[in-house]
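Inside the fold
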Amino acid sequence: MAHLVYGLEGGEDIILITGEIGTGKTLALHFLTQHISRSYRTALINVTQLDFRELLKMLLAELEVTMPPEADRADLLGALKTELVAITRRGQRLLLVIDEAQNLDEATLEGVRLLTNLGLPEEQALQVILSGQPGLSTKINAPELAQVRQRIRVHYHLDKLSPQETAEYLAHRVKVAGCPRNLFRKDAVQRIHDLSEGIPRLVNIIADRALLAAYVDDENQVHLH
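Residues numbered from 1 in each chain as written. Predicted model: local features only at pLDDT ≥ 70, side-chain atom pairs only at ≥ 80, totals over all residues. Heavy atoms only, no water.

1. Regarding the packing of helix 9 (residues 186-196) against helix 10 (residues 200-216)
Between helix 9 and helix 10, whose axes approach to 9 Å, the crossing angle comes to 130°. Overall, the two elements helix 9 and helix 10 adopt an arrangement that is oblique. The hand of the helix 9/helix 10 crossing is right-handed. Across from I192, L195 and S196 in helix 9, the residues of helix 10 making contact are L202, V203, I206 and A207. Of the residues that constitute the contact of helix 9 with helix 10, the class distribution is six nonpolar, one polar and no charged. (Axes fitted to C-alpha atoms, helices over the stretch in contact; angles between N-to-C directions. Helix = DSSP H or I, 4+ residues; strand = E, 2+ residues; numbered from the N terminus. Parallel < 35°, antiparallel > 145°, perpendicular 65-115°, else oblique. Left-handed = near helix turned anticlockwise from the far one by under 90°. Contact = heavy atoms within 4.5 Å. Nonpolar A, V, L, I, M, F, W, Y, C, P; charged D, E, K, R; others polar.)

2. Considering the packing of helix 8 (residues 163-176) against helix 10
Axis angle and axis distance: for two packed helices, these are the angle between their axes and the distance between the axes, and together they describe the pair. Running from amino to carboxyl end, helix 8 crosses helix 10 at an angle of 55°, the nearest separation of the two axes being 11 Å. Relative to helix 10, the element helix 8 is oriented oblique. As for how helix 8 packs across helix 10, the hand of that crossing is right-handed. For the pair formed by helix 8 and helix 10, the contact residues are T166, Y169, L170 and R173 on the first element and P200, V203, N204 and A207 on the second. Taken together, the residues of the contact of helix 8 with helix 10 sort by class into five nonpolar, two polar and one charged.

3. Description of the environment of Q34
In this fold, Q34 is placed in helix 2 (residues 25-35). Classification of Q34 as exposed rests on a relative accessible area of 53%. For the pair formed by Q34 and D72, sequence separation is 38 residues and the distance between their alpha carbons is 33 Å. (Buried < 20%, exposed > 50% of the residue type's maximum accessible area, 1.4 Å probe, protein only.)

4. Remarks on a negative patch on the surface
A cluster of like negative charges, contributed by D51, E54, D105, E106 and E144, occupies part of the molecular surface. Here D51 shows up in the loop between strand 2 (40-45) and helix 3 (52-62). (Patch = residues over 30% accessible without salt bridge, like charges linked within 9 Å, V, L, I, M, F, W, Y side chains within 5 Å. Areas by Shrake-Rupley, 256 points an atom, 1.4 Å probe, with all protein chains shown as cover. Salt bridge = Lys/Arg side-chain N within 4 Å of Asp/Glu carboxyl O. Lys, Arg positive; Asp, Glu negative; His and termini not counted. Charge placed at Lys NZ, Arg CZ, Asp CG, Glu CD.)

5. Details of helix 5 (residues 106-115)
For helix 5, a buried count of seven out of 10 residues is recorded, marking the element as mostly surrounded by other parts of the structure. You can read the cap of helix 5 off the contacts: a side-chain oxygen lies 3.3 Å from the backbone nitrogen of A107, and it is on D105. (Polar contact = N/O pair within 3.5 Å; in protein donor to acceptor, adjacent residues only side chain to side chain.)

6. A closer look at the environment of V85
Among the secondary structure elements, V85 is positioned in helix 4 (residues 73-89). The spatial distance from the C-alpha of V85 to the C-alpha of A125 is 7.5 Å, given a sequence separation of 40 residues.

7. Observations concerning the pattern of salt bridges
Think of it this way: side chains of opposite charge can pair up when their charged atoms draw near. Scanning the model with the defined rule gives seven salt bridges in all. E110 serves as the salt-bridge partner of R113, at 2.4 Å between the closest nitrogen and oxygen. Of this pair, R113 and E110 both sit in helix 5, three residues apart, roughly one helical turn. Both residues of the pair, R113 and E110, count as buried.

Now the structure itself:
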């Protein structure tokens, strides 16, 4: 979250977040958009099997700008520029958040870069957060996307949890749920970490099933078996 806020407040054009499936990228983006300053108008796009024209149409729909079905790319860009000028004059910026961005092709990623040039010349009207799986970093490192890469100076990779972090995470979840005692033995915590490989979403699923199994067996702790 500190990287995201730093990138936004620092006026970065494009901020990049990467991580394996289930490491919390979408959760982080949701938290950010819920708590972002009112100086931002936010548009979230999480369906990314799109070309650039389709992405523009989705962006305008998020901004509640209605366009005719036959509108071409120039029409869509013109409408977006008009809307950006209006947003800027209200003292805001547009934050475009694209989740699952690894699905975008090179031409669309280049188009996203060009969007950061829209708006009034003296104002930064639009900032972008790209979030995706590790393949997104590989795609952006392609020679054809050198200009996109140059716009990214804030990149945070969400790692998997270490064994110690898995133990702390489980203890935290139990505490938040209102339980004052330890529900997982150390050998069980290690097994949960091994099975999940430290991916939080899988930690959640395995721990939930383990608690149910312990309850059925009338145990007051989750054991290794």
